[in-house]
Amino acid sequence: MSALENFPRITPFLWFDSNAEEAVDFYIRVFKNSRRLDELRTGDGGPGPKDKPLTIAFELDGQKFTALNGGPAFKFTEAVSFVVRCDSQAEIDEYWEKLSAGGGEVQCGWVKDRFGLSWQIVPARLPDLVRNPKAMQAMLQMKKLDIAELERAAQA
């Protein structure tokens, strides 16, 4: 039985140039409760160099993904991102630091990692907080989200 048969019906499939293995190893270090599940290596018929990973199935804290070494034809854009729900400022700070390293900070809790993938690092309470227009305005001024500042703005 292939690993795909045990996957949810819909699973994110991420296209990397030739560094899928490096990316998977990085993400598994960033997120607790994560692991590699399976991989498909290239054979004599290709594509790419023989015996290199073509796809890698992996799981990040319960969410299953597949990474593909697909070549340079496509790049990630902000049109697709992954939300990381955080229960504390310490979690926001930790994920922000790890995921932005070698990448970049963006507005409103978004970061782009060193592979070009976009992540939203947000407090679990964000939807409730930004219902208040002052908290929404405060969030729009931030890069990394500050829970205490958002709460102050929501109470003002």
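Because the structure is predicted, anything quoted here is derived from the model rather than measured.

About the criteria used
Residues numbered from 1 in each chain as written. Predicted model: local features only at pLDDT ≥ 70, side-chain atom pairs only at ≥ 80, totals over all residues. Heavy atoms only, no water. Axes fitted to C-alpha atoms, helices over the stretch in contact; angles between N-to-C directions. Helix = DSSP H or I, 4+ residues; strand = E, 2+ residues; numbered from the N terminus. Left-handed = near helix turned anticlockwise from the far one by under 90°. Contact = heavy atoms within 4.5 Å. Nonpolar A, V, L, I, M, F, W, Y, C, P; charged D, E, K, R; others polar. Pairing = 2+ DSSP bridges. 1 Å grid on protein atoms, 1.4 Å probe; cavity = no way out; pocket = protein on both sides within 12 Å on 5 of 7 lines; lining within 4 Å. Points joined across faces, edges and corners; volume = space filled by probe spheres on them. Phe/Tyr/Trp six-rings, centres within 6.5 Å; stacked < 30°, edge-to-face > 60°. Buried < 20%, exposed > 50% of the residue type's maximum accessible area, 1.4 Å probe, protein only.

Participant: I'd like to hear about the packing of helix 4 (residues 133-140) against helix 5 (residues 147-155), residue by residue, with values.
Facilitator: Relative placement of two packed helices is described by the angle separating their axes and the distance separating the axes. Two elements in contact, helix 4 and helix 5, have axes whose closest approach is 7 Å; the angle formed by their N-to-C orientations is 145 degrees. Where helix 4 crosses over helix 5, the handedness of that crossing is right-handed. Between helix 4, through K134, A135, A138 and M139, and helix 5, the contact on the second element is made entirely by L150, A153 and A154. Its residues assigned to classes, the contact of helix 4 with helix 5 shows six nonpolar, no polar and one charged.

Participant: Tell me what's going on with the sheet that holds strand 6 (residues 104-105), and back it up with residues and numbers.
Facilitator: One key point about sheets: their strands pair by backbone hydrogen bonds, in either a parallel or an antiparallel sense. Spatially, the four strands line up as an open sheet ordered 5-8-7-6, and their pairing is mixed. Two strands in the sheet have a free side with no partner beyond their single neighbour: strand 5 (81-86) and strand 6. Direction of pairing for strand 6 relative to strand 7 (residues 110-112): antiparallel, over a ladder of two bridges. Paired with G104 across the two strands is K112, which belongs to strand 7.

Participant: Break down the layout of surface pockets for me, with residues and values.
Facilitator: Taken as a whole, the largest pocket holds about 340 Å³ of empty space. F31, D61, V83, V84 and R85 are the residues nearest the centre of the largest pocket, which is lined by 15 residues in total. Of all elements in the fold, only strand 4 (63-69), strand 5 and helix 2 (89-100) reach the threshold of two or more residues within the lining of the largest pocket. At four residues, strand 5 tops the list of elements feeding residues into the lining of the largest pocket. Its residues assigned to classes, the lining of the largest pocket comprises eight nonpolar, two polar and five charged.

Participant: Describe the packing of aromatic side chains, and please don't skip the residues or the numbers.
Facilitator: Applying the stated criterion across every chain yields a total of twelve aromatic pairs. Considering the side-chain rings of F16 and F115, the 6.1 Å spacing of their centres and the 85 degrees angle between planes classify their relative orientation as edge-to-face. With F16 in strand 1 (residues 13-16) and F115 in the loop between strand 7 and strand 8 (118-123), this pair connects stretches of sequence that are 99 residues apart. On the basis of relative accessibility, which here comes to 2%, the residue F16 falls in the buried class. Residue class for F115 comes out buried when judged on its relative accessible area of 13%.

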